[in-house]
Amino acid sequence: MIQIREARSPDLPALGRLFDEYRQFYKLPTDADRATEYITARLAAGDSFVLVAADESEQLLGFTQLYPTWCSLLAGPVYVLYDLYVPPRARRRGVARALLEAAADRARRDGKLRMTLSTAKTNVNAQALYESLGWERDDEFYVYNLNQP
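Quick caveat, the model's predicted, so the values are computed rather than measured.

A.B. asks: Tell me about the side chain of Gln65, and name the residues and values.
C.D. replies: Along the chain, Gln65 falls in strand 3 (residues 60–71). In this structure Gln65 comes out as buried when scored by relative accessible area, which is 0%. At 3.4 Å, the side chain of Gln65 forms a polar contact with the side chain of Tyr67. Those residues within four positions of Gln65 in sequence are excluded, and the remaining contacts are Phe19, Tyr38, Ile39, Arg42, Ser48, Phe49, Val50, Val80, Leu81, Tyr82 and Asp83.

See below:
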């Protein structure tokens, strides 16, 4: 049985390790301390909220992090689903689907007009999941980034 709930302080050590694994998935070097500090700071500041998936023994099976922001074109509030990660040992069990459904429920409850996410072009498994849940790929706009030194 998978339980989806908001992350709590006792989750931080395990959540930090999962966040570090997530960053490694995107080819960043491991840095568990930095990952844990980052996620701890986000929760403490209330900049984002994190939903975790846990099994019956409270072992974390994955997480998603949402950031509240505004959309000028919609003239209202939205969530950016910036992070979603399920480690290999917990995949193919419906964890990511449950996290995405819980995030969508939260967005509706919070009055968000839309949720937005991006994923690697090569992450075809995730793309298939998103599309099966009604997410639509944006083929109209390109995304640009400007990294600061």
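Read on, since the account is not over.
A.B. asks: Summarise the packing of aromatic side chains; cite the residues concerned and give the values.
C.D. replies: Summed over the entire model, instances satisfying the criterion amount to eleven aromatic pairs. An aromatic cluster is built from Phe19, Tyr22, Phe25, Tyr26, Tyr38, Phe63 and Tyr85, whose rings are joined through pairwise contacts. The ring of Phe49 is capped by Arg106, whose NZ or CZ atom sits 3.8 Å from the centre of that ring.

The rules we used
- Residues numbered from 1 in each chain as written.
- Predicted model: local features only at pLDDT ≥ 70, side-chain atom pairs only at ≥ 80, totals over all residues.
- Heavy atoms only, no water.
- Helix = DSSP H or I, 4+ residues; strand = E, 2+ residues; numbered from the N terminus.
- Buried < 20%, exposed > 50% of the residue type's maximum accessible area, 1.4 Å probe, protein only.
- Polar contact = N/O pair within 3.5 Å; in protein donor to acceptor, adjacent residues only side chain to side chain.
- Contact = heavy atoms within 4.5 Å.
- Phe/Tyr/Trp six-rings, centres within 6.5 Å; stacked < 30°, edge-to-face > 60°.
- Lys NZ or Arg CZ within 6 Å of the ring centre and 35° of its normal.

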